[in-house]
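Structure assessment
Listed here are the chains, written in short residue letters.
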Amino acid sequence: MSNITVTHAESGLVRAEVVRRERVTPNMVRVTLGGADLDRYEHRGFDQWFRLALPVRGEGGLDRMPSKFGIGGYVKYLTLPKGTRPVIRNYTVRAFRPAERELDVDFVSHGDDGVAGPWAASVEPGERVAFIDQGCGWKPVAADWSLIVADESALPAAAGVLRDMPRDAVGHAIIELFDARDRQVVDAPDGVAVHWLERGAGEAPGAAALPLLRGLDFPGGEPYAFCVGEQALAAGARRHLVKERGIDKRRVTFSGYWRIGQASPS
Ligand SMILES: Cc1cc2nc3c(=O)[nH]c(=O)nc-3n(C[C@H](O)[C@H](O)[C@H](O)COP(=O)(O)OP(=O)(O)OC[C@H]3O[C@@H](n4cnc5c(N)ncnc54)[C@H](O)[C@@H]3O)c2cc1C
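A brief look at the structure comes next. Bear in mind that the values here come from a model prediction, so they are computed numbers and not experimental data.

Conventions and cut-offs
Residues numbered from 1 in each chain as written. Predicted model: local features only at pLDDT ≥ 70, side-chain atom pairs only at ≥ 80, totals over all residues. Heavy atoms only, no water. Near = heavy atom within 4 Å. Polar contact = N/O pair within 3.5 Å; in protein donor to acceptor, adjacent residues only side chain to side chain. Areas by Shrake-Rupley, 256 points an atom, 1.4 Å probe, with all protein chains shown as cover. Helix = DSSP H or I, 4+ residues; strand = E, 2+ residues; numbered from the N terminus. Nonpolar A, V, L, I, M, F, W, Y, C, P; charged D, E, K, R; others polar. Domains from an automatic or database assignment. Buried < 20%, exposed > 50% of the residue type's maximum accessible area, 1.4 Å probe, protein only. Pairing = 2+ DSSP bridges. Right-handed = clockwise from strand over helix to strand, strands pointing away.

With that settled, the discussion passes to the site of the ligand. Near the ligand, the surroundings consist of 24 residues, among which Arg89, His110, Val115, Arg259 and Ser264 are the closest. Val115 places a polar main-chain atom, nitrogen or oxygen, 2.7 Å from an oxygen atom of the ligand. Burial of the ligand by the protein amounts to 92% of the accessible area it has alone, namely 910 Å². Only strand S4 (87-92), strand S6 (102-108), helix H2 (116-122) and strand S12 (252-258) provide two or more residues apiece to the shell around the ligand. For the shell around the ligand, the leading source of residues is S4, giving 4 residues. Residues that form the shell around the ligand fall into these classes: 11 nonpolar, 9 polar and 4 charged. Looking at which domains feed residues into the shell around the ligand, each of domain 1 (13-135) and domain 2 (145-258) supplies at least three.

This paragraph deals with the pairing of strand S9 (residues 170-177). In terms of burial, S9 is a largely internal element, 7 of the 8 residues being buried. In this sheet, S9 lies alongside strand S8 (residues 145-150) in parallel orientation, the contact comprising 5 bridges. In the strand pairing of S9, Ala150 is matched with Ile175. Once you follow S8 into helix H3 (residues 155-164) and on to S9, the crossover reads as right-handed. As defined by bridge partners, S9 adjoins strand S10 (residues 191-198) across 8 bridges and the pair is classed as parallel. Each residue of the ladder has a partner; that of His172, found in S10, is Ala193.

Listed below in structure tokens is the structure:
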């Protein structure tokens, strides 16, 4: 579930190759992408995200990928032979360095299940990928204060928004991790309090973030809230804000980035 507006950038399909892989914290792997095609990528910052095509069934399928991922592009993707079709997963741009033609993506290492997590944990330099830019979920809504609620999968999104929001912004960012050692340095405005939380072993996402949110004293005025991460965390935060705090739902952007026990659809 999500109310994020997906945009289809003019750049279409951007090809890149893995330059290096680095474990930045115990459960987060940073894969740096590079290559001349990155010159066509238009960086907008914040939580800018893309559909990443992973050539786990061979690189041949990458050349037959659609250039956009609207309805037509998705149908074209589905007609690619299953045996060579790249696997698509959604990821956030953690950092972009145009002068070096480098783009970082931080992948949660969530075990052996799935495709993207295990791929990132073992990929070697030189592997080809492709991605389709889908824009930013964070909206430039005029607001008196801002609120971010995120889990580890949305740490790159939260960090990007904190980095790119106006320096005079005020508010709160609640970032829940399953392992406190995955905390990263973030460049937040002085007026935004960043609350790092760790949920207990075996607890569902949101177990730490939602109680803190419920007890938080909100500043006065109109907020803009951005709630992203595991489905229950994102939906739970939105429900609380709209139903219990009476915040206009147009002021709450939310997106279930992943779902416990369920693989991403494509
Ligand atoms: C807009 C957007 C931006 C995103 N940005 C990022 C990002 O920058 N970094 C990032 O790590 N993720 C990000 N995600 C989440 C990522 O797309 C999902 O976690 C995706 O399911 C990972 O694919 P997979 O192939 O590893 O696992 P899947 O094949 O989709 O799932 C396999 C199994 O792994 C479980 N699983 C999937 N993700 C996680 C997780 N994070 N923790 C624990 N278990 C999991 C599933 O429940 C399932 O049981 C983003 C999602 C969206 C929608």
